[in-house]
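Observations on the three-dimensional arrangement
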Amino acid sequence: SADRAFTEGMNHVVWHTSAHQPPEAGKPGWAYHAGTHLMPNVPWWPMGKAFLDYLARISFLLQQGRFVADVLYYYGDGGFNFVPPKRVDPSLGFGFDYDVINAEVLARLRVRNGKLYLPHGMEYEILVLPERRDVHPAALEQIAALVRDGATVVGPKPLRASGYDYSGTRDSAVRALADKVWGPCDGVSVREHRYGRGKVIWGRSLREVLADRGVGPDLKILSPADARLDFIHRRTPQADIYFVRSLANQPVAVNLQFRERNKIPELWDAVTGAIREVHEYELTKEGVRLPLRLGSQGSQLVVFRREASQGKRAAPPRAETVPALEIGGPWTLEFPAGWGAPERVSLPRLISWTEHPDPGVRCFSGVATYRTEFEAPREWISRARAVALDLGDLWGAAEVWLNDKPLGVAWTKPFRVAVGAALRAGKNRLVVKVANNWVNRLACDARGEGGPFTRTNIAVTGETPRPWAKVELRRSGLFGPVRLRAD
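A quick note: this is a predicted structure, and the numbers were derived from the prediction, not measured.

1. Observations regarding the overall build of the protein chain
Looking only at helices and strands, one finds 10 helices and 36 strands in the protein chain. The C-alpha radius of gyration of the protein chain comes to 29 Å, more than 25% above the 23 Å expected for a compact globule of 487 residues. Once the C-alpha set of the protein chain is aligned to its principal axes, its extents read approximately 85 × 65 × 35 Å. A buried classification covers 45% of the 487 residues belonging to the protein chain. Across the protein chain, the fraction of contacts at a sequence separation of at least 24, relative to all contacts at a separation of at least 6, is 71%. Of the roughly 25100 Å² that the protein chain leaves accessible, carbon and sulfur atoms contribute 51%. In the protein chain, 66 positive and 53 negative side-chain charges are present, and the distance between their average locations comes to 2 Å.

Encoded structure:
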């Protein structure tokens, strides 16, 4: 959800609202009925900093410089206009971005070198009018002035003034000026008309109009053709910053072309804060071509800062492949007291808590602790480069320690943390704390399976069966497979 909002322009996250939680309210306690519950009573709250750091890193970068958009939509001058969430016009297609303005901002537009610009520095290639045949006379005068000064405007020829015109003079004024600006352009047999130093276009796709101006996509998918992506682009005097997200529910490998032509791409990992130079890319006349791997609904910051010479950058020789080292268990799983679960259980293999025969484990909500020991061969460590602990799959967040050294929090796919110097040859002790949310305990309490342990205002007690009793238990815990992976 956050990634989608970032590609729609969000770059400053404000939380609304965290409910007051006196001890008398119990747990989960009092909550507003909508939105993301972000408060100390949420089980994953102690691990939440990693997620908040992610939002902060992306917000910081997307606050830099200015938004890059080729298309500017004027949404008309009628009342109750509303700009919907991001939706790329089929006439424009993937790879371009846009802004939307009202009549007030329309009056501030100027033209320079055939492009539209605003006083604070935003610049656009074309202005697009709404698909309607009425316009406010003052707005049409602004549009006519922009075209006369060299702008390219796309949209239908107005026929009348917006609003009620009891005298007919406003309609006549609109038709007279539209005849000058659009001339014989009817969107069918005649699709362009020059006026002053600019022109109006009606009946052609926005993608064609931009191509005629020599403007290609800001981001182009080279392969696979059916990849589903979204993106946003910011530009500073020193750098171009792209945030790209995948809409697919599985990992994807895509080949992309960025319109930036002369700079080296870097991958900035908002999950860890790491910055990595890319070793495989190609500089072309159309832009930088770059292979990119994105996780399930994953995202990536691609930053261009440093100048590069033309040509292809080959990938460095890969180190010898080191097989992953599986950590199979057995595991000891410990639960906090007072929530209906046993103090500890033994797991010969990793399963969801909801698959365990003990009802206290099945219904548990909160943070539980996994412990195990494993052997790491000295020869495996000597051959490995950067080592990461891959937790496989889990719900919903995990904090990891190796040999009493904290490795950090894994909260999003792929659930991995860097091992660093914590790994040693021989025996190693691994501790993983996993948090889920309140759904399972609430559902079990409503069905009378132990407890009740929970209290919250988000419930309806007058129905039979009660709503929480209908909720299916959410798969929870650490599922694995847990492996050490070497880069």
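2. Quick notes on the nonpolar core
Counting residues in each nonpolar core, the largest one holds 53 residues, and the members touching the most others are Leu 106, Leu 109, Leu 127 and Trp 182. Looking at this core, the elements that each hand over two or more residues are α2 (49-62), β3 (71-74), α3 (103-106), α4 (137-148), α5 (169-182), β16 (240-246) and β22 (299-307). Val 345, Phe 364, Leu 402 and Leu 484 belong to the second largest nonpolar core, which has 43 residues in total.

3. A closer look at the packing of aromatic side chains
For the coordinates displayed, the defined rule picks out 14 aromatic pairs. Relative to Trp 411, the ring of Tyr 54 lies with its centre 5.2 Å away and its plane at 70°, an arrangement referred to as edge-to-face. Pair noted here: Tyr 54 is in helix α2 and Trp 411 is in the loop between β31 (405-410) and β32 (416-418), with a separation of 357 residues, a long-range link. For the pair formed by Tyr 54 and Trp 411, the shared burial category is buried. Look at Tyr 242 and Phe 304: their rings are 5.9 Å apart centre to centre, the planes differ by 80°, and that puts the pair in the edge-to-face class. Placement of the pair is Tyr 242 in strand β16 and Phe 304 in strand β22, with a sequence separation of 62 residues. No difference in accessibility class separates Tyr 242 from Phe 304, as the two residues are buried.

4. So, the sheet that holds strand β4 (residues 98-101)
By way of backbone hydrogen bonds, the strands of a sheet pair with one another, either parallel or antiparallel. In spatial order, the strands read β4-β3-β8-β10-β13-β12; together these 6 strands make up an open sheet with mixed pairing. Two strands close off the open sheet at either side, each with one partner strand: β4 and β12 (192-195). Direction aside, the axes of adjacent strands within the sheet are offset by 25° on average. By the bridge criterion, 4 bridges tie β3 to β4 in an arrangement that is parallel. In the sheet register, Leu 72 faces β4, and the bridge partner there is Asp 99. Helix-sheet contacts for α4 involve β3, β8 (126-128), β10 (152-154), β12 and β13 (198-201), and the interaxial angle to β13 is about 125°. Lying over the sheet, α5 contacts β12 and β13, oriented at roughly 100° with respect to β12.

5. Observations regarding the pattern of salt bridges
One pass over the structure, following the stated rule, counts 29 salt bridges. For Arg 112, the salt bridge goes to Glu 123, with nearest N and O atoms at 4.0 Å. In this pair, Arg 112 sits in strand β5 (residues 110-112) while Glu 123 sits in strand β7 (residues 123-124), placing the two residues 11 residues apart along the sequence. A relative accessible area of 40% places Arg 112 in the partly exposed class. Note on Glu 123: relative accessible area 35%, which makes it partly exposed. The salt bridge involving Arg 483 is made with Glu 326; its shortest N-O contact spans 3.9 Å. Taken together, the residues Arg 483 in strand β36 (residues 482-486) and Glu 326 in strand β24 (residues 325-327) connect sequence positions 157 residues apart. Judged by its relative accessible area of 51%, Glu 326 falls in the exposed class. One salt-bridge network, in which partners are shared between bridges, spans Arg 112, Lys 115, Glu 123, Glu 125 and Arg 213.

6. Considering the pairing of strand β26 (residues 344-347)
Here β26 shows one buried face, formed by Val 345 and Leu 347, and one open face, formed by Arg 344 and Ser 346. In this sheet, β26 lies alongside strand β25 (residues 331-334) in antiparallel orientation, the contact comprising 4 bridges. For Thr 332, the partnering residue across the bridge sits in β26 and is Ser 346.

7. Re the sheet that holds β22
The sheet built from 6 strands is open, its strands ordered β2-β15-β16-β22-β18-β19 with antiparallel pairing. Of all strands in the sheet, those with a lone pairing partner are β2 (66-67) and β19 (275-277), marking the two edges. Across 6 bridges, the pairing between strand β18 (residues 263-268) and β22 is antiparallel. When the bridges of β22 are listed, Lys 263 appears paired with Glu 307. Relative to β16, α2 is tilted by about 135°, and along the sheet it contacts β15 (229-235), β16, β18 and β22.

The rules behind each value
- Residues numbered from 1 in each chain as written.
- Predicted model: local features only at pLDDT ≥ 70, side-chain atom pairs only at ≥ 80, totals over all residues.
- Heavy atoms only, no water.
- Helix = DSSP H or I, 4+ residues; strand = E, 2+ residues; numbered from the N terminus.
- Rg over C-alpha atoms; globule rule 2.2 N^0.38 Å.
- Buried < 20%, exposed > 50% of the residue type's maximum accessible area, 1.4 Å probe, protein only.
- Contact = heavy atoms within 4.5 Å.
- Areas by Shrake-Rupley, 256 points an atom, 1.4 Å probe, with all protein chains shown as cover.
- Lys, Arg positive; Asp, Glu negative; His and termini not counted.
- Charge placed at Lys NZ, Arg CZ, Asp CG, Glu CD.
- Core = buried A, V, L, I, M, F, W, Y, C linked by side-chain atoms within 4.5 Å.
- Phe/Tyr/Trp six-rings, centres within 6.5 Å; stacked < 30°, edge-to-face > 60°.
- Pairing = 2+ DSSP bridges.
- Axes fitted to C-alpha atoms, helices over the stretch in contact; angles between N-to-C directions.
- Salt bridge = Lys/Arg side-chain N within 4 Å of Asp/Glu carboxyl O.

Interpretation in functional terms is not warranted from these geometric data alone.
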